[in-house]
Amino acid sequence: LKWLPICDEFTRESVALEVERHMTAQDVIRILDDAVEERGRAPEYIRSDNGPEFIAKAVVDWVAKQGFKTLFIEPGSPWQNCYSESFNSRFRDEFLNVELFGTLLEATVLGGEFRDDYNHARTHSSLGYLPPAEYAASCREAAFTHRRN
């Protein structure tokens, strides 16, 4: 199975956690488009590795059309993507290494449950021991209060 985790570097939220048997550039575009629509805004940057699905012309063109920029990680340089690497390590240790998937649907459902728990229950020391969704909500509230004043 091929997993595509998308993380917000500021809030540490798992924005998307998609699984397919194989993933094309069109799949990546669909997943990114859904994430942008769900969040209501495009990010300033998207950071990714140089995998073929990310450097494909269709993805590069879609990113340019959306108006955000790319930050590609140099091969063999995981420290350039520390937040995603941190998520990936927990995802591997706490989920992939302990689950056995009978079907793609089962992987999708269990992945969704992991993502929900990660965003809403799992606290992060870097976020003042708040779960990512709660931290993101507090940031939105602070920004809203600041704009009103």
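Residues numbered from 1 in each chain as written. Predicted model: local features only at pLDDT ≥ 70, side-chain atom pairs only at ≥ 80, totals over all residues. Heavy atoms only, no water.

*Asks:* How would you summarise the environment of Thr24 if you had to cite specific residues and measurements?
*Replies:* Within the fold, Thr24 resides in the loop between strand S2 (14–20) and helix H1 (25–39). Residue classification places Thr24 among the partly exposed positions, given a relative accessible area of 34%. (Helix = DSSP H or I, 4+ residues; strand = E, 2+ residues; numbered from the N terminus. Buried < 20%, exposed > 50% of the residue type's maximum accessible area, 1.4 Å probe, protein only.)

*Asks:* Please provide a residue-by-residue account of the nonpolar core, values included.
*Replies:* If you look at the biggest cluster of nonpolar residues, it comprises 18 residues, and the most contacted ones within it are Leu4, Ile6, Val28 and Trp62. Elements supplying a minimum of two residues to this core: strand S1 (2–7), S2, H1 and helix H3 (57–66). Counting residues per element, this core draws most heavily on H1, at seven residues. Apart from the residues lying within four places of it in its own chain, the contact partners of Ile6 are Glu13, Ser14, Val15, Ala16, Ile31 and Leu32. Formed by ten residues, the second largest nonpolar core is a distinct cluster that contains Leu17, Phe95, Ala107 and Tyr118. (Core = buried A, V, L, I, M, F, W, Y, C linked by side-chain atoms within 4.5 Å. Contact = heavy atoms within 4.5 Å.)

*Asks:* Explain the packing of helix H4 (residues 82–96) against helix H5 (residues 104–120) to me, using residue names and the numbers behind them.
*Replies:* Each pair of packed helices can be described by the angle between their axes along with the distance between the axes. Two elements in contact, H4 and H5, have axes whose closest approach is 12 Å; the angle formed by their N-to-C orientations is 125°. In terms of their interaxial angle, H4 and H5 are classed as oblique. Note that H4 runs across H5; the crossing there is right-handed. Between H4 and H5, the contacting residues are Phe87, Arg90, Phe91, Glu94 and Phe95 on the first element and Leu110, Gly111, Phe114 and Tyr118 on the second. Here the contact of H4 with H5 is built from residues that sort into six nonpolar, one polar and two charged. (Axes fitted to C-alpha atoms, helices over the stretch in contact; angles between N-to-C directions. Parallel < 35°, antiparallel > 145°, perpendicular 65-115°, else oblique. Left-handed = near helix turned anticlockwise from the far one by under 90°. Nonpolar A, V, L, I, M, F, W, Y, C, P; charged D, E, K, R; others polar.)

*Asks:* Give a detailed account of H3, specifying residues and quantitative values.
*Replies:* If you check which residues of H3 are buried, you get Val59, Trp62 and Val63. Angular distribution of buried residues about the axis of H3 spans 100°; they occupy a single face of the element. Facing away from the buried surface of H3 by more than 90 degrees, the exposed residues are Lys57, Ala64 and Lys65. The elements touched by buried residues of H3 are H1, helix H2 (52–55) and strand S4 (69–72). Looking at the residues trailing H3, positive phi occurs at Gly67, about 90°. (Arc of directions from axis to C-beta.)

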